[in-house]
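Architecture and fold: a report
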Amino acid sequence: ACWTLLLCCLLTPGVQGQEFLLRVEPQNPVLSAGGSLFVNCSTDCPSSEKIALETSLSKELVASGMGWAAFNLSNVTGNSRILCSVYCNGSQITGSSNITVYRLPERVELAPLPPWQPVGQNFTLRCQVEGGSPRTSLTVVLLRWEEELSRQPAVEEPAEVTAPVLASRGDHGAPFSCRTELDMQPQGLGLFVNTSAPRQLRTFVLPMTPPRLVAPRFLEVETSWPVDCTLDGLFPASEAQVYLALGDQMLNATVMNHGDTLTATATATALADQEGAREIVCNVTLGGERREARENLTIFSFLGPIVNLSEPTAPEGSTVTVSCMAGARVQVTLDGVPAAAPGQPAQLQLNATESDDGRSFFCSATLEVDGEFLHRNSSVQLRVLYGPKIDRATCPQHLKWKDKTTHVLQCQARGNPYPELRCLKEGSSREVPVGIPFFVNVTHNGTYQCQASSSRGKYTLVVVMDIEAGSSHFVPVFVAVLLTLGVVTIVLALMYVFREHKRSGSYHVREESTYLPLTSMQPTEAMGEEPSRAE
């Protein structure tokens, strides 16, 4: 139906002398690269010949008629100008149309970002674009998340668009990308967008100051000591790598971070083959940069001092040798007597006596390590075996006690092994306790053999007990009772007389009586006359 309508229009006769036109439709079309286009060429000339289409594109005649022809153009890959021509009344008339081809970019890629970017320093975003037309409608946008950082036209082929960015802590982990926008909206199409794959940025802060390394100056072989390494002001602390080592021995560190502070803790154990000067090393690596701290450490071996007795338990009178030794380079001193030289033992000899029992021998050892003097001490105690003895100063040989009193027999024995002490009465098996209170009576009177005994022998001391028998206490008590009764009787009698005197006014004491009879006074006396006194 469309072709019929078009044919009818083309066959309509024109007016003689009129200027005829050749129309090309569509006019100035826009299509995507590689697409097809249907083109119609028509004229209003009634006596036109066959219409021709001139183009470099692949074409195919679809249909034709009087004053018109339709063509199909395929695989349109570039901008082109098509020309239709026809002879009308012996004259050639032409019509043209410009084909504009648009294509999306073949590659939109954001150049790789720095593996680590220091905070506070600029880095450059680079977006590379290949293909895409028309270039006058192509724009490149640089993005952080969805934030536009730069918008620039794509000019060259290939195009590279750049923009500087100041790195901050907030950029750590942020995605960056670039986007192309082909704006074909003026041509009645749309806005064609193509976005690159995002790239993630990692930013960091690493202070110039070295870590704080806390480590011992000296470490003895087969001993352990904690080592701490701390660095403040780094970001992000959780992504820092820490290396702790003793010499070439890597230490198993526990790393903890709090805010911008990182702390690594490990235990350093000194081995025998590491003896000598060594270093403790702490490396903190972040963002491809490293901060390092080192501390000197001297690993030493300090054996001893070892104190030995030739006889730890020696009989009294025997010879005992005491020796003290230590490791190489160690100076020992035994009971104030130094060895001849470092690394050599110190010795002394003695004849064991009772006074040496329990004696302690002291040995001190001194080792110089890197200008410092380290000291250690050790001691040993000598036991001397000797026979039992009783101290006469604490055990009186003559005791004078009173009958029926409590006393303690203060006798002490000594010896090694410790002796048993018993005091037995001569001529009997009666034993008195030693060192504890007991009740003394006349039966304890006599001589006692106090004997201390042990596996080393016996020791006997004679103790005499003189018990004084006390006199009877019955007569003095009886006399005291009678005197007390007499005094009480007299006091009672005087109290009675005093009471009667107050009642009658006076009393007469009859001289010839051995008692104290009381008589009433005469009436005249009661009236105020002075009473007579006893002659």
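Quick look at the structure, then. What you see is a predicted model, and the numbers here were worked out from it, not measured in a lab.

The next subject is the overall build of the protein chain. Within the protein chain, the secondary structure is distributed over three helices and 43 strands. Buried positions account for 35% of the 535 residues belonging to the protein chain. At a minimum sequence separation of 6, the contacts of the protein chain that also span at least 24 residues come to 61%. Total accessible area computed for the protein chain in this model is approximately 30,900 Å², and 53% of it derives from carbon and sulfur atoms.

Using the criterion set out here, one finds seven disulfides in the structure. A sulfur-sulfur separation of 1.8 Å characterises the disulfide bridge that pairs C395 with C411. With the S-S bond torsion at 60°, the cross-link from C395 to C411 turns out right-handed. Of this pair, C395 sits in the loop between β35 (383–390) and β36 (398–402) while C411 is found in the loop between β37 (405–408) and β38 (413–416), placing the two residues 16 residues apart along the sequence. The same class applies to C395 and to C411, which are both buried. Residue C423 pairs covalently with C450 via a disulfide, S to S 2.0 Å. For the disulfide bridge between C423 and C450, the dihedral angle about the S-S bond is near 115°, and by the sign convention the bridge is right-handed. Taken as a pair, C423 in strand β39 (residues 420–425) and C450 in strand β42 (residues 446–454) lie far apart in primary sequence, 27 residues in all. Accessibility classification places C423 together with C450 in one group, the buried group.

Turning next to the pairing of strand β11 (residues 138–144). Buried residues dominate β11, accounting for six of its seven residues. By the bridge criterion, seven bridges tie β11 to strand β14 (residues 175–183) in an arrangement that is antiparallel. Bridge pairing in β14 links L143 to S177. Pairing of β11 with strand β12 (residues 147–153), which is carried by six bridges, proceeds in the antiparallel orientation. Each residue of the ladder has a partner; that of V140, found in β12, is Q152. A loop of two residues connects β11 with β12, the two strands running antiparallel in sequence, and W145 in this loop sits at a positive phi of about 55°.

As a general point, the strands of a sheet are linked pairwise by backbone hydrogen bonds and lie either parallel or antiparallel. As summarised here, the arrangement of the five strands in space is β19-β26-β25-β21-β22, forming an open sheet in which the pairing is mixed. The open sheet is flanked by β19 (218–220) and β22 (249–250), the only strands paired with a single partner. Sheet topology note: the β19/strand β26 (residues 289–300) ladder contains three bridges and is parallel. Among the inter-strand pairings, E220 is bridged to a residue of β26, identified as F300.

Geometrically, a pair of aromatic rings is defined through the distance of the ring centres and the angle of the planes. All told, the structure shown has four aromatic pairs when counted by the stated rule. Measuring from centroid to centroid gives 6.0 Å for W116 and F204, while their planes differ by 90°, and the two rings are edge-to-face. Taken together, the positions of W116 in the loop between β8 (91–110) and β9 (117–118) and F204 in strand β17 (residues 203–204) put the pair 88 residues apart, joining distant regions of the chain. Of the two residues examined, W116 and F204, each falls in the buried class. Centre to centre, the rings of F123 and F176 are 5.8 Å apart; their planes meet at 85°, and the pair counts as edge-to-face. Taken together, the residues span a long stretch of sequence, with F123 in strand β10 (residues 122–133) and F176 in strand β14 at a distance of 53 residues.

Checked against the element boundaries, E220 lands in strand β19. A relative accessible area of 16% places E220 in the buried class. A distance of 2.2 Å separates a polar atom in the side chain of E220 from a polar atom in the side chain of R376.

With that settled, the discussion passes to the side chain of D356. Within the element layout of this structure, D356 appears in the loop between β32 (346–351) and β33 (360–369). Residue classification places D356 among the buried residues on the basis of a relative accessible area of 8%. Beyond its immediate chain neighbours, meaning those up to four positions away, D356 contacts L350, N351, L382 and V384.

Quick look at the environment of A52 now. Tracing the backbone through its elements, the reader meets A52 in strand β4 (residues 52–54). According to the relative accessible area criterion, A52 is partly exposed, its value standing at 34%. Placed 18 residues apart in sequence, A52 and A70 show a C-alpha to C-alpha distance of 9.9 Å. Look past the residues within four positions of A52 in its chain and what remains in contact with it is L83, C84 and S85.

On to the environment of W401, then. One can find W401 in strand β36. With 68 residues separating them in the primary sequence, W401 and A469 have C-alpha atoms 9.4 Å apart. Apart from residues lying up to four places away in sequence, W401 is in contact with H407, V408, L409, F438, V440, M465, D466, I467 and E468.

Quick notes on the rules
- Residues numbered from 1 in each chain as written.
- Predicted model: local features only at pLDDT ≥ 70, side-chain atom pairs only at ≥ 80, totals over all residues.
- Heavy atoms only, no water.
- Helix = DSSP H or I, 4+ residues; strand = E, 2+ residues; numbered from the N terminus.
- Buried < 20%, exposed > 50% of the residue type's maximum accessible area, 1.4 Å probe, protein only.
- Contact = heavy atoms within 4.5 Å.
- Areas by Shrake-Rupley, 256 points an atom, 1.4 Å probe, with all protein chains shown as cover.
- Disulfide = S-S within 2.5 Å.
- Pairing = 2+ DSSP bridges.
- Phe/Tyr/Trp six-rings, centres within 6.5 Å; stacked < 30°, edge-to-face > 60°.
- Polar contact = N/O pair within 3.5 Å; in protein donor to acceptor, adjacent residues only side chain to side chain.

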